[in-house]
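Structural overview for review
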There are 2 protein chains.
Amino acid sequence: MKTRDRILQVSLLLFNEEGEAQLSSVDVANALEISPGNLYYHFKGKDAIIRALYERFEEEMRVILRGSSGGVASIEDNWVYIYILLEEIYDFRFFYRDLAGLIARYPDLAGRFRALIAEKRQTILRILDDLARLDVIDIDPRLMPPLTDQIITTLTFWLAGDSLTRESHDGPALIHKTVFQVMCLIVPYMGKDGHGALSGMIRHFKETQS
Amino acid sequence: MKTRDRILQVSLLLFNEEGEAQLSSVDVANALEISPGNLYYHFKGKDAIIRALYERFEEEMRVILRGSSGGVASIEDNWVYIYILLEEIYDFRFFYRDLAGLIARYPDLAGRFRALIAEKRQTILRILDDLARLDVIDIDPRLMPPLTDQIITTLTFWLAGDSLTRESHDGPALIHKTVFQVMCLIVPYMGKDGHGALSGMIRHFKETQS
DNA sequence: GTCTATACGACGATAGAC
DNA sequence: GTCTATCGTCGTATAGAC
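Residues numbered from 1 in each chain as written. Chains lettered and ligands numbered in written order. Predicted model: local features only at pLDDT ≥ 70, side-chain atom pairs only at ≥ 80, totals over all residues. Heavy atoms only, no water.

In this section: the protein's contact with DNA strand D. Surrounding DNA strand D, one finds 15 residues, the nearest of these being Ser35(A), Asn38(A), His42(A), Ser25(B) and Tyr40(B). Sugar plus phosphate: this is where 71% of the atoms of DNA strand D within 4 Å of the protein reside. A distance of 2.8 Å separates a phosphate oxygen of DNA strand D from a polar side-chain atom of His42(A). At the level of secondary structure, the elements contributing two or more residues to the surface near DNA strand D comprise α3 (36-42) of chain A together with α2 (25-32) and α3 (36-42) of chain B. Per element, the largest residue contribution to the surface near DNA strand D is four residues, and it comes from α3(A). (Near = heavy atom within 4 Å. Polar contact = N/O pair within 3.5 Å; in protein donor to acceptor, adjacent residues only side chain to side chain. Helix = DSSP H or I, 4+ residues; strand = E, 2+ residues; numbered from the N terminus.)

This is the structure:
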């Protein structure tokens, strides 16, 4: 089963690099220097590869989401947690670069993806709730769902959004920028501490950039 | 030049309804009950149709962006303005449903789209600046760019985001929800007035829904 | 302007030899 | 397991008649 793993590994690399839609199963075979027939022996088409990769992604993502229970009790924890989440997404970034197209091409993944996002939503809602209970943030309850949606939107479309700006970032810089972006959504609800937290974040942000 | 216009009209309808990627030039010809050859007489391929439609969209969008100068001086104006913006996007929603794929398929549109978004960004920044100057909002200057980016993200991905939720909205409801979503980003910076504004928005939101 | 017919290429998929 | 060879489908694009 060694070729099978190589196919998955190289596919992921290629999809992340050049985009899934741009590559045919023959391209993947060429990159591996095996014949299309051989590739089909292991995976019945590009579909099967995508599905196998999604399987991996979903599993790892669920582990991360589960890991949030009780582990995010401060703003700093929150920062780190978002970082971990974004890193994981970045490893499978081809899924997120062209989400709509991907879902259109593999409709059976749509439901699973939606479920995963719903789970993500629950997780964020719970974390925010915890932070509110610990008096780290003070937020009108009616603003909680919109804030959660807003965070979800950012966590889902940061990659797609970046390619729509004039100057694109490299991976690490973009991840960092996005963490900052999410934190900026929370800062306004930190009251007086918000100002200090913002200064700290900006300082940290500047350091990491250079 | 009547067939030419019919092609554009029906294409827009079809693309919005079923997605641009899902339709070939032959599909469009069939829907119009003309031959593929005839379609090619008017437009040299699907590319040309897309480009013509984009031309229209960009023009209308620029008119709206220009129209913001001095016209958005209160929270209510802001609400209305976002509404107008979203309506326009909705009219050409196929562009936004699968932005990444579309840009990959028509790379020459990428630059123009980016430029349009940059212009949108400037507009929002200016509006926020005006609102701050008029003491409608009070915001740490360092939070201004992130807030602007956040609004841009919402205005760009609201359509794509909706198809990732469990229950999808119809057009008007989604537009309304999105306006609300953007306003929720601004409310925290309205100080004491924020609470009242939020209540007003929710009331209005509920009414329109029913 | 509009039609029919057809050429061409890309991709997905399979059969059969090694 | 891996290869070569080949077929079918589909979308794009053009030629030539009306």
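Opposite charge on two side chains allows them to pair when their charged atoms are near. Within this structure, the stated rule accounts for 32 salt bridges over all chains. Residues Asp130(A) and Arg126(A) are paired through a salt bridge, measuring 4.0 Å at the closest nitrogen-oxygen approach. With Asp130(A) and Arg126(A) both in helix α8 (residues 107-133) and four residues apart, this pair spans about one turn of that helix. On the basis of relative accessibility, which here comes to 30%, the residue Arg126(A) falls in the partly exposed class. Of the charged contacts, one joins Asp149(B) and Lys177(A) as a salt bridge, the two residues approaching to 3.4 Å between their closest N and O atoms. Of the two residues, Asp149(B) is situated in helix α9 (residues 144-162) and Lys177(A) in helix α10 (residues 171-186); the pairing between them involves two chains. (Salt bridge = Lys/Arg side-chain N within 4 Å of Asp/Glu carboxyl O. Buried < 20%, exposed > 50% of the residue type's maximum accessible area, 1.4 Å probe, protein only.)

For helix α10 (residues 171-186) of chain B, built from 16 residues, the straight-helix expectation of 22 Å at 1.5 Å per residue is met to within 8% by its first-to-last C-alpha distance of 23 Å. Of all 16 residues that make up α10(B), 14 are buried, and the element is covered over most of its length. (Expected span 1.5 Å × (residues − 1).)

On to the domain arrangement of chain A, then. Residues and elements named next belong to chain A. Looking at chain A, the domain boundaries give domain 1 (1-44) and domain 2 (55-209). Counting each side, the surface lost to burial between domain 1 and domain 2 is near 720 Å², with a carbon and sulfur contribution of 50%. The interface formed by domain 1 and domain 2 holds two salt bridges in total. For the salt bridge of Arg105 with Glu20, the shortest nitrogen-to-oxygen distance reads 2.6 Å. Counting across the interface, domain 1 meets domain 2 through five residue pairs in polar contact (both at pLDDT 80 or more). (Domains from an automatic or database assignment. Buried area = accessible area lost by both parts, 1.4 Å probe.)

Quick look at the relation of the copies chain B and chain A now. Superposing chain B onto chain A takes a rotation of 180° combined with a translation of 0.0 Å along the rotation axis, leaving an RMSD of 0.0 Å. Between the two chains, the operation in question is that of a two-fold axis. When you check the interface residues of chain B against chain A, 100% turn up at the interface there too, and the contact is symmetric in its surfaces. (Least-squares fit on C-alpha atoms with pLDDT ≥ 70 in both. Contact = heavy atoms within 4.5 Å.)

Once that is clear, we can look at the side chain of Asp140(B). Checked against the element boundaries, Asp140(B) lands in the loop between α8 (107-133) and α9. Among the polar contacts listed, one links the side chain of Asp140(B) to the backbone nitrogen of Arg142(B), at a separation of 2.8 Å. Once residues within four sequence positions are removed from consideration, Asp140(B) is found in contact with His195(A) and Leu198(A).

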